[in-house]
Amino acid sequence: MTRIDRPVRPRRIRFGLRSSRTVALVSALVIALASCGADGGHPDKPHPKPTPVWHTDPHSIAALGDSITVGFDACTLLSDCPRVSWATGTDPQVDSLARRLVDRPATHSWNFARTGALMSDLPDQISDAVARKPELVTVLIGANDACRREVGAMTPKAAFRADFARSMKRLRRALPHTQVYVAAVPDLLRLWSEGRKNPLGKQVWKLGICGSMLRDPDDLTKAAQDRRATVREQVMAYNSALAEVCGKDPLCRFDKSVFDYRFTGRQLSTWDWFHPGARGQKELAALAFRTISRAGS
């Protein structure tokens, strides 16, 4: 009998338990690889935040601070003169920051500084500035914290630092991208040494301007010199606090040059020989512009 070969049937592929596990493992591997970053890092590893970029051409400015920023005694005796303010003034001879940086300074710059303001007043000024949403905030404050009737009445450094930190926190909570320029408190001892050369200025000082530093300006005894040195040390401590707090914020620049600048009698007010006159305001504007317009982080 002739044997008839039976056709060979194609073998079925059976997807049993072992094949299902293989598919699941491959799928898990694909998902894991997709979860990794392009740099091959672990999916749970946090990616560093990009460093904020400092812009040298802000379109709006809010100025905060004390009598210096409102041009006190720069034009007339015991009066504010905001038109010569180093930050927001309109006088072309001063060439303020607003005139240098802002296209429309009349509508895009605001001065919230107040004569006599202490660092404890800065949080309220911050609140005023926040409503305008400025791209740049300037801060020059602290002289009044050292300029008290007596040395013992000066604001303690810890309180000064805490108020400044609170102010920065309030600003950052409302305006996370606003840049901040912080000027150092000027060297009050330098202003005393220059201003005391003018007899009229010393008469005005008797009205009570910065008694801790300016009282008895011609007294050169050791006790008087020690008193003035104590005030200067306190100003330096304030500046250290400003630099420390500002240094923790990538969009804050502290300018120590305002303390280091050697003001002369020509740059002081011709009414009290202590506050900056129009020429002094111009120098402050130039110092600030140099720091704000500097490229880089």
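Structure: above.
Quick caveat, the model's predicted, so the values are computed rather than measured.

K.L.:
Explain the sheet that holds strand E4 (residues 179-183) to me, please; I cannot follow it from the model alone.
P.N.:
Whenever strands of a sheet pair, they do so through backbone hydrogen bonds, lying parallel or antiparallel. Read from one edge of the open sheet, five strands run E2-E1-E3-E4-E5, paired in parallel fashion. This sheet does not close on itself; its edge strands, each paired only once, are strand E2 (109-111) and strand E5 (252-255). Between one strand and the next, the sheet's axes are offset by a mean angle of 15°, whatever the strand orientation. Contacting strand E3 (136-140), E4 and E5, helix H6 (residues 157-174) crosses the sheet at an angle of about 160° to E4.

K.L.:
For this particular structure, what's the right way to read the state of the cysteines?
P.N.:
Working definition of a disulfide: a covalent bond connecting the sulfur atoms of two cysteines. This structure, assessed with the given rule, holds three disulfides. A sulfur-sulfur distance of 2.0 Å marks the disulfide that ties Cys-75 to Cys-81. Looking down the S-S bond of the Cys-75 and Cys-81 bridge, the torsion is -70°, so its handedness is left-handed. Through a disulfide, Cys-246 is tied to Cys-252; the S-S separation comes to 2.0 Å. Torsion about the S-S bond of the Cys-246 and Cys-252 cystine: about -115°, corresponding to left-handed handedness. For the residue pair Cys-246 and Cys-252, the accessibility class agrees, reading buried in each case.

K.L.:
Mind showing me how you'd approach the packing of aromatic side chains here?
P.N.:
How two aromatic rings sit relative to each other is set out by the distance from centre to centre and by the angle between their planes. One pass over the full model with this rule turns up three aromatic pairs. A ring pair is formed by Tyr-261 and Phe-263, whose centres lie 4.8 Å apart and whose planes are at 75°; its orientation type is edge-to-face. Assessed through its relative accessible area of 21%, Tyr-261 is described here as partly exposed. With a relative accessible area of 4%, Phe-263 lands in the buried category.

What counts and how
Residues numbered from 1 in each chain as written. Predicted model: local features only at pLDDT ≥ 70, side-chain atom pairs only at ≥ 80, totals over all residues. Heavy atoms only, no water. Pairing = 2+ DSSP bridges. Helix = DSSP H or I, 4+ residues; strand = E, 2+ residues; numbered from the N terminus. Axes fitted to C-alpha atoms, helices over the stretch in contact; angles between N-to-C directions. Contact = heavy atoms within 4.5 Å. Disulfide = S-S within 2.5 Å. Buried < 20%, exposed > 50% of the residue type's maximum accessible area, 1.4 Å probe, protein only. Phe/Tyr/Trp six-rings, centres within 6.5 Å; stacked < 30°, edge-to-face > 60°.

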